[in-house]
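Descriptive analysis of the structure
The chain contents come next:
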Amino acid sequence: MSDRDAREELNDLLNGAVEVAAEMLEQEGEFEPFALALRKDGEIMHLSPDEEGEDEREPEQVVESLRKTLRESREDYRAVAVVADVTLEDENDQAMTAAIHVAMEHAAEEPVNCYVPYEFKGEALELAELVGEPGERVVFAGDRPN
């Protein structure tokens, strides 16, 4: 697989993740963390957190649960994305803006974190420009990119 193919697959996951998160934000005003996984056969799966005890869990616990589920089945996937509703802070740790956080990993590419800041203008959801930074290998930890 070429690097371009891996990057295209990550872009597909990113676009799908932002689309799903934006739909949830428009309908509910917020969203629970979720994950997308690109299976080896090319199908993208949507993974939601377990419903059991969902109300008591913090978003960080839900994200960790999703990562654990993905890690356990990582041999079935080429790429994964864990998506959460976060608040970005400035250098003084002051809340600045809400954002869709997409933590992406590919078996053959370096991991990347993407943030899409958003705000509501009345009823309308407005997405700002995406910001990306190097991510952390969690699901495919121990696996070396090709």
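Summary of the structure given here. (Residues numbered from 1 in each chain as written. Predicted model: local features only at pLDDT ≥ 70, side-chain atom pairs only at ≥ 80, totals over all residues. Heavy atoms only, no water.)

Quick word on the overall build of the chain
If you tally the helices and strands in the chain, you get two helices and seven strands. Each helix (α) and strand (β) of the chain, taken in turn from the N terminus, gives the series α-β-β-α-β-β-β-β-β. By residue count, 37% of the 146 residues in the chain fall in the buried class. In the form shown here, the chain has an accessible surface area of approximately 8700 Å², with 42% of it arising from carbon and sulfur atoms. (Helix = DSSP H or I, 4+ residues; strand = E, 2+ residues; numbered from the N terminus. Buried < 20%, exposed > 50% of the residue type's maximum accessible area, 1.4 Å probe, protein only. Areas by Shrake-Rupley, 256 points an atom, 1.4 Å probe, with all protein chains shown as cover.)

Points about the packing of aromatic side chains
In the structure shown here, the tally under the stated rule is two aromatic pairs. Between Tyr-118 and Phe-120, the aromatic rings sit 6.1 Å apart at their centres with planes inclined by 85 degrees, giving edge-to-face as the arrangement. Residue classification places Phe-120 among the partly exposed positions, given a relative accessible area of 33%. (Phe/Tyr/Trp six-rings, centres within 6.5 Å; stacked < 30°, edge-to-face > 60°.)

A short note on the pattern of salt bridges
Across all of its chains, the model carries eight salt bridges by this definition. A salt bridge links Glu-72 to Lys-68; the shortest N-O distance between them is 2.9 Å. With Glu-72 and Lys-68 both in helix H2 (residues 59–72), this residue pair falls four residues apart, about one helical turn. In this structure, Glu-126 and Lys-121 form a salt bridge, with 3.9 Å as the shortest nitrogen-oxygen distance. Each of Arg-39, Asp-41 and Glu-43 takes part in salt bridges that share partners, so that together they form one network. (Salt bridge = Lys/Arg side-chain N within 4 Å of Asp/Glu carboxyl O.)

With respect to H2
The end-to-end C-alpha distance of H2 is 20 Å, a good match for the 20 Å that 14 residues give at a rise of 1.5 Å each. Considered for burial, the residues of H2 that qualify are Val-62, Val-63, Ser-65, Leu-66 and Leu-70. Taken end-on, H2 shows its buried residues confined to a sector of 160 degrees, consistent with a single buried face. Across from the buried face of H2, at angles greater than 90 degrees, the exposed residues are Glu-60 and Glu-72. As for H2, its buried residues are in contact with strand S1 (34–39), strand S2 (44–47) and strand S3 (77–89). (Expected span 1.5 Å × (residues − 1). Arc of directions from axis to C-beta. Contact = heavy atoms within 4.5 Å.)

So, the pairing of S1
Buried residues dominate S1, accounting for five of its six residues. Across six bridges, the pairing between S1 and S3 is antiparallel. Within the sheet, the bridge partner assigned to Arg-39 lies in S3 and is Tyr-77. Relative to S2, S1 is paired through four bridges, and the arrangement is antiparallel. Bridge pairing in S2 links Leu-36 to His-46. Where S1 folds back on S2, the antiparallel hairpin that results is connected by four residues, among which Gly-42 adopts a positive phi of roughly 95 degrees. (Pairing = 2+ DSSP bridges.)

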